[in-house]
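Residue-level structure breakdown
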Amino acid sequence: MMTYGPIIETLLAGEFICAQRFPEYHQQLQDETLQNQINDYLRPLNRTVSQAADGGVFFLSYQQLDKQGRDHLRQQFTQTLTTLMPLLEWLTLTQEALGHDSTLVPGDTVKLPEWVMACEDNPSLKQRLANLARDRFFNSQAETVDAQIKQIAKRLVEHGYLMQPHGDRPYFIVTGKVDYLIDVIRFIRDEENLPVDEKPEQEALL
Amino acid sequence: MAGEQLNVSDQRLQQGEKRLNLIGRHAAILMQAYQTGVLDELSVNEGVLRNLLHARIIYQPESGQGYRLRAPVAQLIANLVVDERRRSIQADVADKLEAIRGQVDAFRKAQQRSDIYLAELKLQVIEERVHDLVAEFDEAIHSLWNRLNTDFGFAAHLDEKMAENQRAQNQIERLLEGLSMIDYDECIALADGHVKLRHLLVVQLQRRTSLQRASMLEIQHRMIELMSRFREQQSRSLLVGNMAQFLRQHPELKVSDYTEQSQVPTLFNQARAIRAAAHADVQSSGGQRETLAALHDALQQTRHLRNEKATLRESAQAVEQFGDAILETQQRQLKHDVDQFFIDVAQSQQPQSALDYLIKHELQWHGEIWLFQVLSEYQTLARNVQAQLPLQRQERPVSTTNNVQIIEDLVVTPPKRVA
C-alpha cells in the first residue's frame, strides 16, 4: 500500500517538492491519480497541489481565496518582488565567479571554498559580493568574503534554493526552486512587457 | 619483377622503422610543437631539424617562419591522446570507394593474366582499403561519442560548445551521406564469383557499415537533444542577465499586484504552511537518531548540573539500548503480522500473494522486508506444516545475461479441505 502521508505533511509544511530535495515524493507526484487522491484529502483544508517549471516543483495553493488567503498572498508577493533582485544578482554572480556556462540549474553543485576563492581573487567580484551580502534579504554585516558567502548560502538554504547534503561539508546542491524563480521572472517579463530578451541576437539577415 | 618489388617494400620497411624511431627519439619536442603550434628551434640542433624535415614529420610553411608538425603527424597525436579539439573527421568516402573499384579491376586483370603474385598483392591492398574505410567510420563514431559524453567539455564557452555541436552535426550528415554512397549491389557485382572478395566487400563491409549507420543515427539524435539543452542554458543565462540589468536600470519599476486579480496565477498562489501536530515518528530512522541525540545531550546536560560524572561509554550504551528497544518492538510487530498472514491463508480457500495481503491489510512494511520476513518465518514452520501450506516463489532473473533470481512475490496455498 502506497502511503502518501509524508508527502502531504511535507506539502502542508509549505515546502517545494523537487527532484533534488525530495526525489521520492517528486517521483510519486508525477502520478496524476495520486495527485487527485491528495487533493481529495486536502479539500477540507482549502488546499490543492500546484506545479511550476513543467512539473519540476510541486507546492500547495489555496483552492478558494478568502480575505485571509488573499492577504497572505499579497504579503508573499511583495516579498517575492523584494527578493527578486538579490536572487538575480546571486545567480549572475555565481555564474561569473565559478566560470559556468550557464546560470545555476537544479542539481548543480556549489562549493563554497571555490566560490570564496574566486571572489577573493577578483576585486570587482568581491565588491559585488559585499553589496549583495548587505542586501536586506541576506542581511550580513560580515566583513570577510568567507563569512558573507556563508551567510548567503545559509539564507538560500532557508528559502529552499539550495540544500546542504552534509551539514559538515561546505558544498550545496541547487534545488528545483531555482526553476520556479525562472518561471516567475518570465511571468513578470511577459505581463509587464519588459524589453528583456532571452534569445541571442540574431545575425543580420541577408 | 617480383624480386624488385620485394626490394622496394624492404626499403620502405627500413625507412618507416627509422622514421618512427625518429618520432620516438624526439617525442618531447614534437609534443611541445603539438601543444604550441610551433617547434622550438633553439632546443634542437640543425642535424635533428634536417632529419625531421627530411622524414616529412615537420615542415616550414614559409622560409623565415617557424617549423610546424605536418598534418598527419598532428592527427596521429590527436587520435592517440583523444584530443577532441584537434581530432578531425574524414568523411571522404567517394575517393576510397573509387580506389577499391580500381584495385578490384587491377586484381581481375592480374587474374586473367594468371599473375598470381600481383593478384595476391592486389587482394591484400583491397583488404587494407576496406578495413581502412570501416576503421575511419569507427574512428569518427568514437570521436563523436566522446564529444557527446563529455558534453563538449573541451570547449570553454557555451557559444563554442554550440558551434562544436553544430559542426559535429554537419559531420554526421556528411558521414551518413558517405555511408549511403556504399552501393551494396555494386559490391556484390564487384565480388562476383570470388570467395575472398565476397567476404570482404559483401559480408564484412555490409555488416559493419549497417551497425555504424545505426550508431550514427543514435549520435545524431543525442546531438540534437544536447543542442536543445545548450539553447535552454543560453536563453536562461540571457534571461537572468538581462532581467538583472533591466531591474538595476529601472529601480522605480512598478509591477502590478497579480494577487488582486480574480484568478491569482498559480505561481503566486502559495498557501500558508500548516504545521502538523508534532509526534515522534518511530518509523523514520533519521528522525530517531536526531531524537536520540537530543535526548542524549539533554541527559548529559542535566547530569552535569547534578554534578554526576557519567562516562561517555555509559551514555553511549544507553542510547544504543534505547535504539534496540524500538527496533525490537518493530521486529515483534512484523513477526506478528507475518504470523497473522499465515493464519489467514490457512483459514482461507484461495492461494494468497504476500504482497497483495500487505496492500489489502494496509500494513506499513516495506515490500522487500515483508517478503523476507515471510520467507524466514516460513522456514521456521515445522515440516509437516510446510507440506500443508506450500509456498511458491515468483521469480525473475535480473536480466537476460544475469541469472540471479529476484523474488517478486510469494504465494502461499491453503491446505485442501476434504468436503
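Our structure is the block above this text.
Let me sum up the structure you'll find in this document. These numbers come from a predicted model, not from an experiment.

Thresholds, definitions, all that
- Residues numbered from 1 in each chain as written.
- Chains lettered and ligands numbered in written order.
- Predicted model: local features only at pLDDT ≥ 70, side-chain atom pairs only at ≥ 80, totals over all residues.
- Helix = DSSP H or I, 4+ residues; strand = E, 2+ residues; numbered from the N terminus.
- Buried ≥ 20, exposed ≤ 12 C-beta atoms within 10 Å, placed from the backbone.
- Contact = placed C-beta atoms within 7 Å.
- Nonpolar A, V, L, I, M, F, W, Y, C, P; charged D, E, K, R; others polar.
- Pairing = 2+ DSSP bridges.

A word on the overall build of chain B
- Assigned secondary structure in chain B consists of 14 helices and five strands.
- For chain B, the proportion of its 419 residues judged to be buried stands at 16%.

Focus on the overall build of chain A
- Along chain A, the regular secondary structure elements total eight helices and six strands.
- Counting helices and strands in the order they occur from the N terminus, chain A gives α-β-α-α-β-β-α-β-α-α-α-β-β-α.
- Expressed as a percentage of the 206 residues in chain A, the buried residues total 35%.
- Pairs at least 24 apart in sequence give 51% of the contacts found in chain A among residues at least 6 apart.

Observations regarding the interface of chain B and chain A
- At the junction of the two partners, chain B supplies 37 residues and chain A supplies 46 residues.
- At the level of secondary structure, the elements contributing two or more residues to the side of chain B that touches chain A comprise helix 9 (195-249) and helix 12 (354-360) of chain B.
- It is helix 9 of chain B that contributes the most residues to the side of chain B that touches chain A, 14 residues altogether.
- Considering only residue class, the side of chain B that touches chain A consists of 20 nonpolar, 12 polar and five charged.

Some thoughts on the sheet that holds strand 1 (residues 17-18) of chain A
All names here are of chain A.
- With respect to topology, three strands assemble into an open sheet ordered 1-3-2, the strand pairing being antiparallel. Each edge of the open sheet carries a strand with a single partner, namely strand 1 and strand 2 (47-52).
- Pairing of strand 2 with strand 3 (residues 57-62) involves six bridges; the strand directions are antiparallel. Bridge assignment links A52 to a residue of strand 3, and that residue is V57.

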